[in-house]
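# Structural description and commentary
So the chains spell out like this:
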Amino acid sequence: MNYFYKKRRLCIIGIMSVVYNSFSILFAFFLMNVTDSIIDTNIRDFFKYVIYSMVCVLIQIILYLFQTKYINNYVAYCMKNLKEDLLKGICRFSYQYFSKSPMEAYQSFFLNDLQLFEKQYYRQIIDTLSSASLLIIAIVGVCFIKPIFLLIIIFILTVSALIPFIFKKKILEANQTYTDNVEIYFTSLSEILQGFSIIKNYNVSKPFVENISLKIRLAEYSYADFQTKIMRVNAFMAFIGQILVLISFAVGGYLAVIGKITTGSIVALSQLLTYTIEPISVIIGTITSINAVDNIKENCEQILKYTEKSQSNKLLCIPKKISMKNVNFTYDKINKIINNATITFESPYKYAIIGKNGMGKSTILQLIAGMIGEYSGDILIDDVNIKDISEKEYNSYIAYLSQSAFVFSMSLEENIKMFRKTYSQEQIRSLINKFALNKVPESKISIETISGGEKAKITAIRTLTKQAPIILMDEPTAAMDERSKEVFDEIISNTEGKLIIVITHRLDESLKKYDRYVIIQNTQMYMTSDFNEAISLVTKE
């Protein structure tokens, strides 16, 4: 994760850690001198080293405040860059690849996994950097007082090095279980929030709450289990630390009794040995924490390294037709939605796809739009397989409107233009007036501030003004009022030189503006240019 390893900034953090930790070691030596001056009843040295100790503590407080602010800003900088690049990486996904994971999985990744990653990866590495410098300086301090105590430190290091390997597998499993349970919980929570009005209307909040309560319980207890396993490692290290303190006092006391060291040296050694066990605990904890978020790190790297499969074919001119040849598709690998479909849509004709619900009309449009990748057969644009064309190029030829009318938290015109050089300001304003959207606020709008009909009109204008030779629209007028439907019909009638395919359930005179009709019945497709025949095929039992 190169986002973190910025040499200059890490060097600054390292230097601040060394300076801060040097004063910590210096404080231990001041305590040694304070203790010895008490035993020697040297009042002058006593006050001198007490003052030195107070100055040392004051400097440490100042350094700590400055270091903490710098580290927090640095971590924020790293996380900002990481999140921005992860979002850019996700935006590079093909739609088919993006759709392999539910929306809640992406939300959980950004809101939960990355927060855990910051805590257990970035901040742990900084803590390790500081702990490593403290450990080294403390060892130097121990050597200065009594080198024999290095044997105790070597023993602790040897035992501590084994701990991550002992607990790694169980911690990884616990973290994965927690991540999976949080994703399940997020999915259920999202359903409740999105379907809140229905739940209230049917007075069925109790079963929904009971259902999600189980998932909350699983998420929380799996997190508790994960934390318990980490705390076991910390507890084991704390136990080693207590043993170390006991040994240091025993050995130090013996050496003091035989006159090899002073009583103040025992105090200093106790402090210095604590400064060795604490860093070792932090370093072991860091290894454990980093191991625990390996799966999150792998997900980050997978997103950042994603590249769309290289496509060599390019269309040499504006496409004039789209063909489906022996296309089959199923959602459950058992029941076919599309069965051996073979059909050609040609420009500049207008096609209406009609038929009863559940016959696969929307699926046909999604296949043509490149939204579905797992199918058999061939979909061709001017005799070039769409799988051999880059998604970016293919999307430049397609203006696609799904049944889900979605608007962004932007102004009305921004929602229509979508950062594109599209129709002129006058043309867009004319369409806004025709669809009676002039009452919609010009400032930022959102799904909550406009009606379903207004959303349908905005997304229809957005699709119609995209400068693409192929227009695909799925039930564009379903939520519109009668006047807006007439406006839409007029625009479609007057649009020339484009291939237009529209799914509709309007079996009335409005269909006559289309040149050809595609009827889907029992996974089979029929095409006719006769209006009466099309109506007859749809309405017959």
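It should be emphasised that the depicted structure is a prediction, and the values quoted were computed from it without experimental measurement.

The rules behind the values
- Residues numbered from 1 in each chain as written.
- Predicted model: local features only at pLDDT ≥ 70, side-chain atom pairs only at ≥ 80, totals over all residues.
- Heavy atoms only, no water.
- Helix = DSSP H or I, 4+ residues; strand = E, 2+ residues; numbered from the N terminus.
- Buried < 20%, exposed > 50% of the residue type's maximum accessible area, 1.4 Å probe, protein only.
- Contact = heavy atoms within 4.5 Å.
- Areas by Shrake-Rupley, 256 points an atom, 1.4 Å probe, with all protein chains shown as cover.
- Lys, Arg positive; Asp, Glu negative; His and termini not counted.
- Charge placed at Lys NZ, Arg CZ, Asp CG, Glu CD.
- Patch = residues over 30% accessible without salt bridge, like charges linked within 9 Å, V, L, I, M, F, W, Y side chains within 5 Å.
- Salt bridge = Lys/Arg side-chain N within 4 Å of Asp/Glu carboxyl O.
- Expected span 1.5 Å × (residues − 1).
- Polar contact = N/O pair within 3.5 Å; in protein donor to acceptor, adjacent residues only side chain to side chain.
- pLDDT = per-residue confidence, 0-100.
- Arc of directions from axis to C-beta.
- Phe/Tyr/Trp six-rings, centres within 6.5 Å; stacked < 30°, edge-to-face > 60°.
- Lys NZ or Arg CZ within 6 Å of the ring centre and 35° of its normal.
- Pairing = 2+ DSSP bridges.
- Core = buried A, V, L, I, M, F, W, Y, C linked by side-chain atoms within 4.5 Å.
- Axes fitted to C-alpha atoms, helices over the stretch in contact; angles between N-to-C directions.

Let's shift gears to the overall build of the chain. A count of helical and extended segments in the chain gives 16 helices and 10 strands. Principal axes of the C-alpha set define a box for the chain whose edges measure 115 × 55 × 50 Å. For the chain, buried positions account for 45% of its 541 residues. Within the chain, counting contacts between residues at least 6 apart in sequence, those at least 24 apart form 77% of the total. Counting every atom, the chain has about 28,800 Å² of accessible surface; 59% of that belongs to carbon and sulfur. Of the charged side chains in the chain, 58 are positive and 50 negative; the average position of the first set lies 5 Å away from that of the second.

What follows covers a nonpolar patch on the surface. Together, Val 57, Ile 61, Tyr 64 and Leu 65 make up an exposed nonpolar region whose accessible area comes to about 390 Å². With respect to the helices, strands and loops of the structure, Tyr 64 is situated in helix α2 (residues 43-91).

Another aspect to go through is helix α15 (residues 482-494). Here α15 contains 13 residues, and its C-alpha end-to-end distance of 19 Å stays within 8% of the 18 Å for a straight helix at 1.5 Å per residue. Listed as buried for α15 are Ser 484, Lys 485, Val 487, Phe 488, Asp 489, Ile 491 and Ile 492. Where α15 is buried, its residues touch β3 (350-354), α13 (425-434), α14 (452-464), β7 (470-474) and β8 (499-503). Between the side-chain oxygen at the start of α15 and the backbone nitrogen of Arg 483 there is a gap of 3.2 Å, and the oxygen is on Asp 481.

What follows covers the confidence of the model for the chain. Taken over all residues, the pLDDT of the chain has a mean of 84, while the share at 70 or more is 94%. When mean pLDDT is taken per element in the chain, β8 scores highest with 95 and helix α6 (residues 196-201) scores lowest with 71.

With that settled, consider helix α16 (residues 531-539). Those residues of α16 that fall on the buried side of the exposure criterion are Phe 531, Ala 534, Ile 535, Leu 537 and Val 538. Buried positions in α16, seen along its axis, are confined to an arc of 165 degrees and lie on one side of it. Where α16 is buried, its residues meet β3, β9 (516-521) and β10 (524-528).

Let's shift gears to the packing of aromatic side chains. Across all of its chains, the model carries 21 aromatic pairs by this definition. Taken together, a centroid distance of 5.0 Å and an interplanar angle of 85 degrees make the contact between Phe 406 and Phe 408 edge-to-face. Through successive ring pairs, a cluster of aromatic residues spans Phe 30, Tyr 49 and Tyr 52. Positioned above the aromatic ring of Tyr 77, the side-chain terminus of Arg 9 is 4.1 Å from the ring centre. Positioned above the aromatic ring of Tyr 375, the side-chain terminus of Lys 387 is 4.3 Å from the ring centre.

Of all the five residues making up β3, five are buried; the element is thus mostly covered by neighbouring parts of the structure. Across four bridges, β3 lies against β8 in parallel orientation. Residue pairing across strands places Ile 353 opposite Ile 503, the latter belonging to β8.

Looking at where Lys 350 falls in the secondary structure, it is placed in strand β3. With residues near it in sequence (within four places) discarded, Lys 350 still touches Ile 492, Ser 493, Thr 495, Glu 496, Ile 500, Lys 513, Tyr 514, Asp 515 and Arg 516.

Core analysis: the biggest nonpolar cluster contains 39 residues, and Phe 435, Leu 437, Ile 458, Met 473, Leu 511, Tyr 514 and Tyr 517 have the highest contact counts within it. If near-sequence neighbours (up to four positions away) are discounted, Leu 511 is found in contact with Ala 352, Ile 354, Thr 504, Arg 506, Tyr 517, Phe 531 and Ile 535.

Attention now moves to unusual backbone geometry. Following Ser 347, the chain continues into Pro 348 via a peptide bond in cis, with omega recorded as 10 degrees. Summarising the element assignment, Pro 348 is placed in the loop between β2 (336-346) and β3. Phi is positive for Thr 41, close to 50 degrees, though the residue is something other than glycine. By the element assignment, Thr 41 lies in the loop between α1 (7-39) and α2. The class of Thr 41 is exposed, set by a relative accessible area of 67%. Notably, Asn 340 is not glycine yet its phi reads approximately 55 degrees, a positive angle. Relative accessible area serves as the criterion here: at 43%, Asn 340 is assigned to the partly exposed category.

Taken in spatial order, the six strands line up as β6-β7-β8-β3-β9-β10 in an open sheet, and their pairing is mixed. Of all the strands in the sheet, the pair left with one neighbour each is β6 (398-401) and β10. Taken over all neighbouring pairs, the strand axes of this sheet differ in orientation by 15 degrees on average, direction set aside. Relative to β8, β7 runs parallel, the two being bridged by five bridges. Looking at β8, one finds that Ile 471 is bridged to Ile 500. Against the sheet, α14 engages β6 and β7, with an angle of about 160 degrees to β7.

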